[in-house]
Amino acid sequence: QVQLVESGGGLVQPGGSLRLSCAASGIIFRIDAMGWYRQAPGKQRDLVASITSGGSTNYADSVKGRFTISRGNAKNTVYLQMNSLKPEDTAVYYCNAEGLKTVLARFDSWGVGTQVTVSS
């Protein structure tokens, strides 16, 4: 079982910044990629940003230039620096990680989510 714990959400004014953190724990042989998704009320869950073990990143067009995803030194943590936040960024943000629990068993795990609200 691989657990993901997110932190860093909250209420921020438009134009402000927040930094989300996610730490993975449990039986982990290798993490291949970690990412952040978000889901606004009544909408589907969409990719915000992802990063591979090799450091390759991918961003949704709506956050390019404003959000930055990075991995921690321990490689089982991922961060999302969110700048110039807009009301449309309001959503529950979910951390995701995928990789191998053992040499033969893959995992694809989700955190419980953290609320980000951008409002004046």
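Numbers given for residues are sequential positions, taken from 1 along each chain in its written order. Where local features are concerned, this predicted model is filtered to residues with pLDDT of at least 70; where side-chain atom pairs are given and counted, the filter is 80 or more; whole-chain, interface and lining totals use all residues. In computing side-chain properties, one takes all heavy atoms of the structure into account and sets aside hydrogens as well as water.

A. Representation of the overall build of the chain. A count of helices and strands for the chain gives zero helices and 11 strands. Strands are runs of DSSP state E lasting at least two residues, helices are runs of H or I lasting at least four, and both sets are numbered from the N terminus onward. Reading the chain from its N end, one meets helices and strands in the order β-β-β-β-β-β-β-β-β-β-β. In terms of overall dimensions, the chain has C-alpha extents of about 50 × 25 × 20 Å along its principal axes. Contacts are assigned to residue pairs with any non-hydrogen atoms lying within 4.5 Å of each other. Pairs at least 24 apart in sequence give 54% of the contacts found in the chain among residues at least 6 apart.

B. Spotlight on the nonpolar core. Here the nonpolar core consists of buried residues drawn from Ala, Val, Leu, Ile, Met, Phe, Trp, Tyr and Cys, with membership extended through side-chain atoms lying within 4.5 Å. Note on exposure labels: buried denotes an accessible area under 20% of the residue type's maximum, exposed denotes more than 50%, and partly exposed covers the range between, all computed with a 1.4 Å probe on protein chains only. If you look at the biggest cluster of nonpolar residues, it comprises 29 residues, and the most contacted ones within it are Trp 36, Leu 80, Met 82 and Tyr 93. Among the secondary structure elements, those contributing two or more residues to this core are strand S1 (2-7), strand S3 (18-26), strand S4 (30-39), strand S5 (46-52), strand S7 (67-71), strand S8 (77-82), strand S9 (91-100) and strand S11 (114-118).

C. The sheet that holds S8, seen in detail. Note on pairing: DSSP must find at least two bridges between two strands before they are called paired. One open sheet holds the four strands; their spatial order is S1-S3-S8-S7, and the pairing between them is antiparallel. With partners counted over all chains shown, the strands left at the sheet margins are S1 and S7, one partner each. Within the sheet, the average angular offset between the axes of one strand and its neighbour, ignoring direction, is 15 degrees. Pairing analysis gives six bridges linking S1 to S3, with the strands arranged antiparallel. Opposite Gln 3, over in S3, you have Ser 25 as the bridge partner. Axis angles are defined between N-to-C directions and span 0 to 180 degrees, where every axis is a line fitted to C-alpha atoms and, for a helix, only to the segment in contact.

D. Representation of the side chain of Asn 96 in the model. By the element assignment, Asn 96 lies in strand S9. Since its relative accessible area comes to 6%, Asn 96 is described here as buried. Contacts of Asn 96, omitting those with residues within four sequence positions, involve Leu 4, Ala 33, Met 34, Gly 35, Tyr 37, Asp 108, Ser 109 and Trp 110.

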